Amino acid sequence: MIVVTAASGALGRLVIAHLRSRGEVTAVVRDLARAPEGVPARHGDYDDPASLRTAFDGATRLLLISSPELDSARRIRHHLAAVDAAVAAGVGAIAYTSFLGADTGATGLTEAHHATEQAILASGLPYTMLRHPFYSDPFVPRVSDGAISSGTGGRKLNTAFRSDLAEAAANVLTGAEHLGRAYDFTGPLWSHPEVARALGVPYREVPDTEPGPMSWINGLVRAGALERHTGDLERVLGRPAETVAARALTLTANATPNHP
Ligand SMILES: NC(=O)c1ccc[n+]([C@@H]2O[C@H](COP(=O)([O-])OP(=O)(O)OC[C@H]3O[C@@H](n4cnc5c(N)ncnc54)[C@H](OP(=O)(O)O)[C@@H]3O)[C@@H](O)[C@H]2O)c1
């Protein structure tokens, strides 16, 4: 039986949708009213370690989807409670949705992921690390005032769509060849000027004017920090990953009213 935590979230629901047709899967959610339909569900709250121990009972494979908690210390507590519960329940193997760079970095975004990877390695459980990039979904450029604009300096991003990362997770959970591995998942590299060209509109570089998460990410992009592509996602999917330009074209086509 495959058990998936945080199964009521956007990523968890996509993973469950892939696993539903492939065999026994159980959704673990903190609120049973929010459980995905069509599969058995159990209560499991990262703030309640005992609930996790019960929720993981009988799991041959566990997908630990990272907690959305922003406070690093609390997020680490969430993840370590899940790893401890996985050991206590005797799960067969654990896959963990980590973040790129968590193997060697432990600052800011990677701090909790680094601590969790270390705890998984120390646990002795068979594992697969699924290191995610930023999700593409909120980054797909939209045409505004006839153009696409960003503060990225035209540099490339290695974001990937949740839908592809979910399918890759399902492949990992249903195959034996992924155990003992760490995957650095990156999407096909893309840039805002490239997407503008694909949509046939001009690109405008607009400097960030105020601090915030997007200007922080734009700073990383301008420094070339997101220009690494590994091929791990395509290899685990067994097909090309979806491009941001393709999604932008689809969204634009769907948003364009049909005039008879
Ligand atoms: N790489 C990226 O760009 C990126 C972006 C966003 C998030 N993330 C990370 O990836 C994870 C999955 O992303 P997502 O898009 O699926 O996030 P999401 O839609 O916000 O889902 C978060 C999930 O965590 C559950 N959760 C929250 N607190 C919990 C607790 N105390 N115990 C158990 N479950 C709890 C939520 O349950 P409820 O349904 O009950 O709220 C929900 O199922 C996030 O949690 C976050 O760690 C990564």
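Here is what the cut-offs are and how they apply
Residues numbered from 1 in each chain as written. Predicted model: local features only at pLDDT ≥ 70, side-chain atom pairs only at ≥ 80, totals over all residues. Helix = DSSP H or I, 4+ residues; strand = E, 2+ residues; numbered from the N terminus. Rg over C-alpha atoms; globule rule 2.2 N^0.38 Å. Buried ≥ 20, exposed ≤ 12 C-beta atoms within 10 Å, placed from the backbone. Contact = placed C-beta atoms within 7 Å. Pairing = 2+ DSSP bridges. Right-handed = clockwise from strand over helix to strand, strands pointing away. UniProt positions renumbered as here; feature names shortened; annotations may be inferred. Axes fitted to C-alpha atoms, helices over the stretch in contact; angles between N-to-C directions. Near = placed C-beta within 6 Å. Nonpolar A, V, L, I, M, F, W, Y, C, P; charged D, E, K, R; others polar. Expected span 1.5 Å × (residues − 1). Core = buried A, V, L, I, M, F, W, Y, C linked by C-beta atoms within 7 Å. Domains from an automatic or database assignment. Parallel < 35°, antiparallel > 145°, perpendicular 65-115°, else oblique. Left-handed = near helix turned anticlockwise from the far one by under 90°.

- The protein appears in an unreviewed UniProt entry as NAD(P)-dependent oxidoreductase from Sphaerisporangium melleum.

### Notes on the overall build of the protein
Point 1. Helices and strands together make up the secondary structure of the protein, namely nine helices and nine strands.
Point 2. In summary, the protein has a C-alpha radius of gyration of 19 Å against a globular reference of 18 Å for 260 residues, a match within 12%.
Point 3. Counting only C-alpha atoms and orienting by the principal axes, one finds that the protein spans roughly 55 × 45 × 35 Å.
Point 4. Per-residue burial over the protein gives 42% buried out of 260 residues.
Point 5. In the protein, 74% of the contacts between residues at least 6 apart in sequence involve partners at least 24 apart.

### Focus on the pairing of strand 5 (residues 94-99)
Point 1. Counting buried residues in strand 5 gives six out of six residues, a clear majority hidden from the surface.
Point 2. Side chains Ile94, Tyr96 and Ser98 of strand 5 all project onto a buried face; the interleaved residues Ala95, Thr97 and Phe99 project onto the opposite face, where all are buried too.
Point 3. Sheet topology places strand 4 (residues 61-64) next to strand 5; three bridges connect them, and they run parallel. Within strand 5, the position partnered with Leu62 by the bridge is Ile94.
Point 4. For the crossover that starts at strand 4, traverses helix 3 (residues 72-89) and ends in the parallel strand 5, the hand is right-handed.
Point 5. With six bridges connecting them, strand 5 and strand 6 (residues 127-132) associate as parallel partners. In the strand pairing of strand 6, Ala95 is matched with Thr128.

### Observations concerning the UniProt feature "domain: NAD(P)-binding" (unreviewed entry) in the protein
Point 1. Taking the numbering used here, the UniProt-annotated feature "domain: NAD(P)-binding" (unreviewed entry) corresponds to residues 7-174.
Point 2. Counted over residues 7-174, helix gives 36% and strand 16%. Its end C-alpha atoms are 17 Å apart.

### Some thoughts on the sheet that holds strand 6
Point 1. Here seven strands make up an open sheet; going across it, the order is 3-2-1-4-5-6-8 and the pairing parallel. The outermost strands of the open sheet, each flanked by one partner alone, are strand 3 (41-43) and strand 8 (181-184). Recorded for the sheet is a direction-independent mean angle of 20° between the axes of neighbouring strands.
Point 2. With three bridges joining them, strand 2 (residues 25-29) and strand 3 adopt parallel strand pairing. Opposite Val29, over in strand 3, you have His43 as the bridge partner.
Point 3. Lying over the sheet, helix 4 (residues 111-123) contacts strand 5 and strand 6, oriented at roughly 155° with respect to strand 5.
Point 4. Taken strand by strand, helix 5 (residues 162-173) contacts strand 1 (2-4), strand 4, strand 5 and strand 6, and its axis lies near 170° from that of strand 6.

### What to know about the site of the ligand
Point 1. Looking at the ligand, there are 20 residues lining it, with Ser8, Gly9, Leu11, Tyr46 and Pro68 nearest.
Point 2. Here the shell around the ligand takes three residues from helix 1 (residues 10-20), the largest share from any one element.
Point 3. Per-class residue counts for the shell around the ligand are eight nonpolar, seven polar and five charged.

### Some points on helix 5
Point 1. Here helix 5 spans 16 Å end to end across 12 residues, near enough to the 16 Å set by a 1.5 Å rise per residue.
Point 2. The element helix 5 is extensively covered by neighbouring structure, given that nine of its 12 residues are classed as buried.
Point 3. Along helix 5, the positions that sit buried rather than exposed are Asp164, Leu165, Ala166, Glu167, Ala168, Ala169, Ala170, Val172 and Leu173.

### Some details on the nonpolar core
Point 1. In terms of nonpolar packing, the biggest core is built from 53 residues, with Val4, Val15, Phe56, Leu62, Leu63, Ile94 and Ala169 touching the most fellow members.
Point 2. Formed jointly, this core draws a minimum of three residues from each of two domains, domain 1 (1-132) and domain 2 (134-161 + 186-229 + 238-260).
Point 3. The residues touching Leu63, leaving out its near neighbours within four places in the chain, are Val4, Thr5, Val15, Ala95, Ala169 and Leu173.
Point 4. Grouped together as the second largest cluster of nonpolar side chains are 11 residues, Ile148, Leu157, Ala196 and Val244 included.

### Focus on the packing of helix 3 against helix 4
Point 1. Contact pair helix 3 / helix 4: the axes reach a minimum separation of 9 Å and the direction vectors enclose 20°. Compared by their axis directions, helix 3 and helix 4 come out roughly parallel. Regarding helix 3 and helix 4, the two cross each other, and that crossing is right-handed. Across the interface between the two elements, Ser72, Arg75, Ile76, His79, Leu80, Val83 and Val87 from helix 3 touch Glu111, Ala112, Ala115, Thr116, Ala119, Ile120 and Ser123 from helix 4.

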